[in-house]
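# Understanding the architecture of this molecule
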Amino acid sequence: MNIESSRVPHERPIRSLRRRTDDDLATCARLLAEVHAHDGYPVNWPENPAAWLAGDPVLGSWVAELDGRPVGHVGLSRCGEGDAAPLLWSARGGAGSGRTPDRTAVVGRLFVAPAARGHGIGALLIARAVEEARRRALHAVLDVVASDTAATALYERLGWELLDTVEQRWGPRQVVSVRCYAAPA
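Summarised in this report is the structure supplied together with it. (Residues numbered from 1 in each chain as written. Predicted model: local features only at pLDDT ≥ 70, side-chain atom pairs only at ≥ 80, totals over all residues. Heavy atoms only, no water.)

## Regarding the overall build of the protein chain
Within the protein chain, the regular secondary structure consists of five helices and seven strands. Ordered by position from N to C terminus, the α and β elements of the protein chain give β-α-α-β-β-α-β-α-β-α-β-β. Since a compact globule built from 185 residues should have a radius of gyration of about 16 Å, the 17 Å found for the protein chain is in line with a globular shape. Taking the intrachain contacts of the protein chain between residues at least 6 apart in sequence as the baseline, contacts between residues at least 24 apart amount to 67%. For the protein chain, the distance from the average site of its 22 positive side-chain charges to the average site of its 22 negative ones is 3 Å. (Helix = DSSP H or I, 4+ residues; strand = E, 2+ residues; numbered from the N terminus. Rg over C-alpha atoms; globule rule 2.2 N^0.38 Å. Contact = heavy atoms within 4.5 Å. Lys, Arg positive; Asp, Glu negative; His and termini not counted. Charge placed at Lys NZ, Arg CZ, Asp CG, Glu CD.)

## Remarks on the sheet that holds strand β6 (residues 161-171)
The mixed open sheet is built from seven strands, whose spatial order is β1-β2-β3-β4-β5-β7-β6. With one partner strand each, in any of the chains shown, β1 (15-19) and β6 form the two edges of the open sheet. With direction set aside, neighbouring strand axes in the sheet form an average angle of 30 degrees. Relative to strand β2 (residues 58-66), β1 runs antiparallel, the two being bridged by five bridges. Note that in β2 the partner of leucine 17 across the bridge is alanine 64. Sheet strands touched by helix α4 (residues 121-135): β1, β2, β3 (69-77), β4 (104-112) and β5 (139-145). Its angle to β2, the strand with the most contacts, is close to 155 degrees. Sheet strands touched by helix α5 (residues 149-157): β4, β5 and β7 (174-182). Its angle to β7, the strand with the most contacts, is close to 15 degrees. (Pairing = 2+ DSSP bridges. Axes fitted to C-alpha atoms, helices over the stretch in contact; angles between N-to-C directions.)

## A look at the packing of aromatic side chains
We describe a pair of aromatic rings using the distance from one ring centre to the other and the angle between the two ring planes. Counting across every chain of the model gives three aromatic pairs. Ring plane angle 50 degrees and centroid distance 6.2 Å describe the contact between tyrosine 155 and tryptophan 160, whose orientation is recorded as tilted. Put simply, the rings of Tyr155, Trp160 and Tyr181 pair up and form one aromatic cluster. Residue placement shows arginine 109 over the ring face of tryptophan 52; its charged tip is 3.9 Å from the ring centre. (Phe/Tyr/Trp six-rings, centres within 6.5 Å; stacked < 30°, edge-to-face > 60°. Lys NZ or Arg CZ within 6 Å of the ring centre and 35° of its normal.)

## A short note on unusual backbone geometry
Residue proline 42 is reached from tyrosine 41 by a cis peptide bond, and omega for that bond is -5 degrees. Tracing the chain through its elements places proline 42 in the loop between α1 (25-39) and α2 (49-54). Phi is positive for alanine 137, close to 60 degrees, though the residue is something other than glycine. Tracing the sequence through the fold places alanine 137 in the loop between α4 and β5.

## Some points on the pattern of salt bridges
Scanning all chains against the criterion turns up 10 salt bridges. The partner of arginine 117 in a salt bridge is aspartate 39, with the nearest N and O atoms 2.5 Å apart. Taken together, the residues span a long stretch of sequence, with arginine 117 in the loop between β4 and α4 and aspartate 39 in helix α1 at a distance of 78 residues. The partner of glutamate 131 in a salt bridge is arginine 128, with the nearest N and O atoms 3.7 Å apart. Of the two residues, glutamate 131 and arginine 128 both sit in helix α4, three residues apart, roughly one turn of that helix. With relative accessibility at 18%, the residue arginine 128 sits in the buried group. (Salt bridge = Lys/Arg side-chain N within 4 Å of Asp/Glu carboxyl O. Buried < 20%, exposed > 50% of the residue type's maximum accessible area, 1.4 Å probe, protein only.)

## Quick notes on the pairing of β7
Consecutive residues of a regular strand have side chains that alternate between opposite faces of the sheet. With five bridges connecting them, β5 and β7 associate as antiparallel partners. When the sheet's bridge partners are listed, leucine 142 is paired in β7 with tyrosine 181. Between the end of β6 and the start of β7, which pair antiparallel, lie two residues.

## Details of the pairing of β6
Here β6 pairs with β7 via nine bridges, running antiparallel. Residue glycine 171 lies in a different strand from β7, and its bridge partner there is glutamine 174.

What follows is the structure, encoded as structure tokens:
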């Protein structure tokens, strides 16, 4: 996909963000396949990528566009079984702090098409998810495979706090090192 093919030289592409609809799922699944081929995300390719994107108890999901074409996606969900970041964030508050895992929202299903990188799309998507979490009086957290250095660099550049790195069992023969983050206060 050539994002800037119709642009006047030196003119910045137009970025926009909108709620994801069911009509976006096929396009988002195709973009996710590009990301998987380029970066290996998600680590385990889902049998049905559109259903994987639509899964989770969603609080919201958004699509980023560049010059009117979908190029990225993010979702926000309640914490689920096995989510380490909400537990780590809660433990940081100490007893009586009111920090409990149910006061978090998990940022996930975040990706930007390789051809659209370098336009601030990832930061735009993250900001939208954090805004929604705050609107709901929740604190945004996330986890990322430790080997995904580009993603961890983005989160750290945006001021996210590294809570810890943990080992998670994702299958009988798969243990993955995961970095857990909390959004800036």
